[in-house]
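What follows is the residue order along each chain.
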Amino acid sequence: MGSRLDDTPTKDLDPVVSEILRRAEAGELCCLSCAAGCGATDYAARICPSCGNPVELRPVSGRGRIHSYSVFHTQYHSKLPAPYTVLLVELDEGPRLAAVFDGEGGPPQKVGDAVVFSGAVNGIVRFSMA
Ligand SMILES: [Zn+2]
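Okay, so let's go over this structure. Because the structure is predicted, anything quoted here is derived from the model rather than measured.

Side note on the sheet that holds strand S4 (residues 63–72)
(1) Moving on: The sheet built from five strands closes into a barrel, its strands ordered S4-S5-S6-S8-S7 with mixed pairing. Across the sheet, the mean angle from the axis of one strand to that of its neighbour is 50°, orientation sign disregarded.
(2) Moving on: Both S4 and strand S7 (residues 114–121) contribute to a ladder of three bridges, which runs antiparallel. From the neighbouring strand, Gly64 faces S7, where its bridge partner is Val115.

Right, here's the structure in full:
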């Protein structure tokens, strides 16, 4: 029987997600973008929703704004003790992604605040105040 804190529940189930995390841990935040030039699209897309062409990974600025956030009071990851804040970040390029707020103890974050990609370790993508 596995641990209650399964740190990699989707590992290798989606090679696109695995590659996004691998690049983020190397310091390069990426998004999915239409190979035919329609622009950035949602992280869940596997084809362009506008033209149906393939999507590819492209580096992004790492800048965005807090679309929403939630404070977690339960530990779901062995390397992420509660409490912690999960942000839904809207990147300047458009797509939204969930990330851990890297700034607990600082000023409280608000919806609309500017944030910036601050790194990724152990499959956890982090953003801090810009
Ligand atoms: Zn397209």
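Moving on from the model shown.
With respect to the coordination of the zinc ion
(1) Moving on: Those donors, Cys34 (SG), Cys38 (SG), Cys48 (SG) and Cys51 (SG), are the protein atoms that reach the zinc ion, and they lie 2.2 to 2.4 Å from it.
(2) Moving on: Around the zinc ion sit four donor atoms; with metal-centred angles ranging over 106 to 111°, the donor geometry is tetrahedral.
(3) Moving on: Sequence spacing of the donors to the zinc ion: C-x3-C-x9-C-x2-C.

A few points about a nonpolar patch on the surface
(1) Moving on: Side chains of Tyr69, Val71 and Val111 sit close together on the surface and give an oily, nonpolar patch of about 260 Å² of accessible area.
(2) Moving on: By the element assignment, Val111 lies in the loop between strand S6 (96–101) and S7.

Focus: the sheet that holds strand S3 (residues 55–59)
(1) Moving on: Ordered by their spatial adjacency, three strands build an open sheet running S2-S1-S3, and the pairing between neighbours is antiparallel. Of all the strands in the sheet, just strand S2 (40–41) and S3 have a single pairing partner and so form its edges.
(2) Moving on: Judged from the five bridges that link them, strand S1 (residues 30–34) and S3 form a sheet pairing that is antiparallel. Bridge assignment links Cys34 to a residue of S3, and that residue is Val55.

Thresholds, definitions, all that
Residues numbered from 1 in each chain as written. Predicted model: local features only at pLDDT ≥ 70, side-chain atom pairs only at ≥ 80, totals over all residues. Heavy atoms only, no water. Pairing = 2+ DSSP bridges. Helix = DSSP H or I, 4+ residues; strand = E, 2+ residues; numbered from the N terminus. Axes fitted to C-alpha atoms, helices over the stretch in contact; angles between N-to-C directions. Donors = N, O, S within 2.8 Å, 3.2 Å for Na, K, Ca; no water. Tetrahedral: all angles 85-135°; square planar, octahedral: opposite > 155°, others 65-115°. Patch = residues over 30% accessible without salt bridge, like charges linked within 9 Å, V, L, I, M, F, W, Y side chains within 5 Å. Areas by Shrake-Rupley, 256 points an atom, 1.4 Å probe, with all protein chains shown as cover. Salt bridge = Lys/Arg side-chain N within 4 Å of Asp/Glu carboxyl O.

In short, geometric facts, not functional conclusions.
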